[in-house]
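This is what each chain is made of:
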Amino acid sequence: MRKGVLIFSVLLILFAACSKPVADLVLKNGQVFTLEENMPWASAVVIKGNEIVAVLQNDSETSSYVGPSTQVIDCEGQFVIPGFIDAHVHFAGYAAQQHDIQLMNVDDDEGLVKEIQRVVKNVGPNEWITGGDWSGAIQWLQGRGELDGPRAEKRWEPHRKAIDPFTQDNPCLLNSYERDLFLANTAALRAAGLENGRLEGMKLDADDQPTGLLYKGSSAIEKIRSFVKPKSEDRVLNEYRTGLKLMAEMGIVEFHDMFRSFKEVERYLKLQENGELTCRVWLRPWLDLKEEMFEKEFTMGMHPRTKERDYFLRFGGFKSANDGFLGDRGAMLFEPYSDRPDYKGHYQEYNSDSDTFGSLVGNPEVFYKHCQDAVEHGYCVDSHAIGDRGVSEVVDVLERIQADMNTDMSMFRIIHAEVVQPREFDRIKALNLIVETNPSQVADDMRWLIDRLGPEREKLAFPFRTFLDKGIVMNFGSDIPGNAGAIFFNHPKYVLNAAVNRTNNEGEPKGGWLPHLKITMEEAIECFTLNGAYACMREDNLRGSIKSGKLADITVIDRNIMKNNPQDVLNMEVMMTIVDGRIVFDKK
């Protein structure tokens, strides 16, 4: 009898060792691009909980993982890849953009009415509607000489009667792109006691009644502003929910957010507690928050409430800004701008003695001290540097930090790095810095960079190919929502297209802009997935590719963008997004 019990026990142990876990989710019949060298392609992925437990090349092998509660999805030959990681967003602004009024492309009553109707549907009663920047994109195009004729010549002056029928419960104070004109609706005028006002700068109609149009300098503007109420927290949370929904629809499983206030962190916590946080978030505080981060004893990788190591919501490195932008000639250059020979750009407060944006005199010791403080408290610093001088001077300081503090610099990032002199690549590689680029900005910048830089320096712009050839780790971010002159695009099809084809969102110019700097689709996908995970304290060992034992972050696309014509990426559609083993978007 004892012998029989022993044999049974051994068989039970062997059976347990050989049995396979019952999966929660199985994807089969897919073209699975794993980003793993030992098995780059597969057909099926098995998921239990938030983890990938098997990657299979034969769909028939999935049957041993399927139980009564297993959800089995036939991918019907669609393209399955690791989920996209957007390494550079300003999420509060992006979320607000979805509900706030956007008038950049509006210069007539019809467009204004259409947009105001959209916004009113998204905000509750008694919420103020402000901003808009009407005619902004039109002014931008005109300034570049890309717009002429009646549309460029006319000066649109809207009337409150256009929006009053739709905004009875929502006071509005809208502004033009140049902030020289403002439009107040009747609700806003009434709130400020100006419905029948006659202050200087208030335009009146033929009946001597206010039209709602206010000219720059009018005391009416400041009076109305004093009555503007901030957004309610419910409204802001709804903006966040909309932003997260859009991320899921685009196949983005994680984003790295440059936050300015701990209020933003509290919103993520609230959404996470409600089960509504459908995307991983790497929280990057601006250097302005440095002392508060130290005081609260937060460190990188730490959850903002539990203070435990977390892989869903956690703090990252500090965000610094060291120069300006090429569009407004703020990026620091060694030689003057080609279209402004007296100017080489400006510094920001993080590396100058000025406490404001736009100093003409830099002080590298300021930036050095910021980096020194960060390293002493266990942080890295991610530095905005766009111009060739801006990039070089950041590397100068980081070389000093590495030498003086004997620290590992491999988690430090240079952000944007749009114009880079050949001598800098080896220095960046020697420090093992990460370069965080924004490919989708190519679509806008290619139109006017030659004016800013001239034909020789233009060849150095957005050097994706060179970064990879030099062995530098490069990841991708979108920098959404953009700025007053351009709205940035974070849909992966635009990011991938710009990196691989170097064209705009319409596929122009044919053959690509500066085609010698193109990268392959495989390289671009790696930059947009595995490298984004690596940039978070080397989490590429946990996620960023499709491998047994890794976290289940997966995006399903309707076509194989690896095998199709590279230009076909602009037609791709995201069919499903899985984050931490949970389906957060299903197009079907």
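For the structure itself, consult the block above.
Residues numbered from 1 in each chain as written. Predicted model: local features only at pLDDT ≥ 70, side-chain atom pairs only at ≥ 80, totals over all residues. Heavy atoms only, no water.

**Points about unusual backbone geometry**
Part 1 of the reasoning: Cis geometry marks the peptide bond from Ile-480 to Pro-481; its omega dihedral reads 10 degrees.
Part 2 of the reasoning: As for its position among the elements, Pro-481 is in the loop between strand S21 (473–476) and strand S22 (482–483).
Part 3 of the reasoning: For the peptide bond that leads from Glu-508 to Pro-509, omega is -5 degrees, which places it in the cis range.
Part 4 of the reasoning: Within the element layout of this structure, Pro-509 appears in the loop between helix H17 (492–500) and helix H18 (521–527).
Part 5 of the reasoning: Within the chain, Leu-35 stands out as a residue other than glycine whose phi angle is a positive 65 degrees. (Helix = DSSP H or I, 4+ residues; strand = E, 2+ residues; numbered from the N terminus.)

**Side note on the pairing of strand S24 (residues 554–557)**
Part 1 of the reasoning: Here S24 shows two buried faces, one formed by Ile-554 and Val-556 and the other by Thr-555 and Ile-557.
Part 2 of the reasoning: As defined by bridge partners, strand S7 (residues 79–82) adjoins S24 across four bridges and the pair is classed as antiparallel. Following the sheet pairing, Ile-81 is matched in S24 by Thr-555.
Part 3 of the reasoning: Examined bridge by bridge, S24 and strand S25 (residues 574–579) share four bridges and lie antiparallel to one another. The partner of Ile-557 across the bridge, within S25, is Val-574. (Buried < 20%, exposed > 50% of the residue type's maximum accessible area, 1.4 Å probe, protein only. Pairing = 2+ DSSP bridges.)

**Let's talk about the sheet that holds strand S3 (residues 41–42)**
Part 1 of the reasoning: On the basis of which strands lie adjacent, the open sheet formed by six strands has the order S3-S2-S7-S24-S25-S26 and mixed pairing. A strand with exactly one partner marks an edge of an open sheet, and here the two such strands are S3 and strand S26 (582–586).
Part 2 of the reasoning: Taken together, the two bridges between strand S2 (residues 31–33) and S7 define a ladder with parallel strand orientation. Looking at the pairing, Val-32 lines up with Val-80 of S7.

**What about the nonpolar core?**
Part 1 of the reasoning: Judged by nonpolar contacts, the single largest core of 121 residues is most densely connected at Phe-91 and Leu-326.
Part 2 of the reasoning: With residues up to four places along the chain from it excluded, the contact list for Phe-91 reads Tyr-240, Gly-243, Leu-244, Met-247, Phe-255, Asp-257 and Tyr-268. (Core = buried A, V, L, I, M, F, W, Y, C linked by side-chain atoms within 4.5 Å. Contact = heavy atoms within 4.5 Å.)

**Points about the pattern of salt bridges**
Part 1 of the reasoning: One pass over the full model with this rule turns up 52 salt bridges.
Part 2 of the reasoning: Close ionic contact of Arg-305 with Glu-266 constitutes a salt bridge, the shortest N to O distance being 3.2 Å. In this pair, Arg-305 sits in the loop between helix H10 (290–295) and strand S16 (313–315) while Glu-266 sits in helix H9 (residues 262–273), placing the two residues 39 residues apart along the sequence.
Part 3 of the reasoning: Asp-568 is paired through a salt bridge with Arg-559; the nearest N and O atoms lie 3.1 Å apart.
Part 4 of the reasoning: Overall, the relative accessible area of 17% leaves Asp-568 in the buried class.
Part 5 of the reasoning: Assessed through its relative accessible area of 22%, Arg-559 is described here as partly exposed.
Part 6 of the reasoning: Via salt bridges that share partners, Asp-100, Glu-127, Lys-231, Arg-235 and Glu-239 belong to a single interconnected network. (Salt bridge = Lys/Arg side-chain N within 4 Å of Asp/Glu carboxyl O.)

**Looking at helix H8 (residues 233–249)**
Part 1 of the reasoning: In a regular helix each residue adds 1.5 Å, so 17 residues correspond to 24 Å; H8 covers 24 Å between its end C-alpha atoms and thus fits that length.
Part 2 of the reasoning: For H8, the full list of buried residues reads Arg-235, Val-236, Leu-237, Glu-239, Tyr-240, Gly-243, Leu-244, Met-247 and Ala-248.
Part 3 of the reasoning: Once H8 ends, the next one or two residues include Gly-251, with phi positive near 80 degrees. (Expected span 1.5 Å × (residues − 1).)

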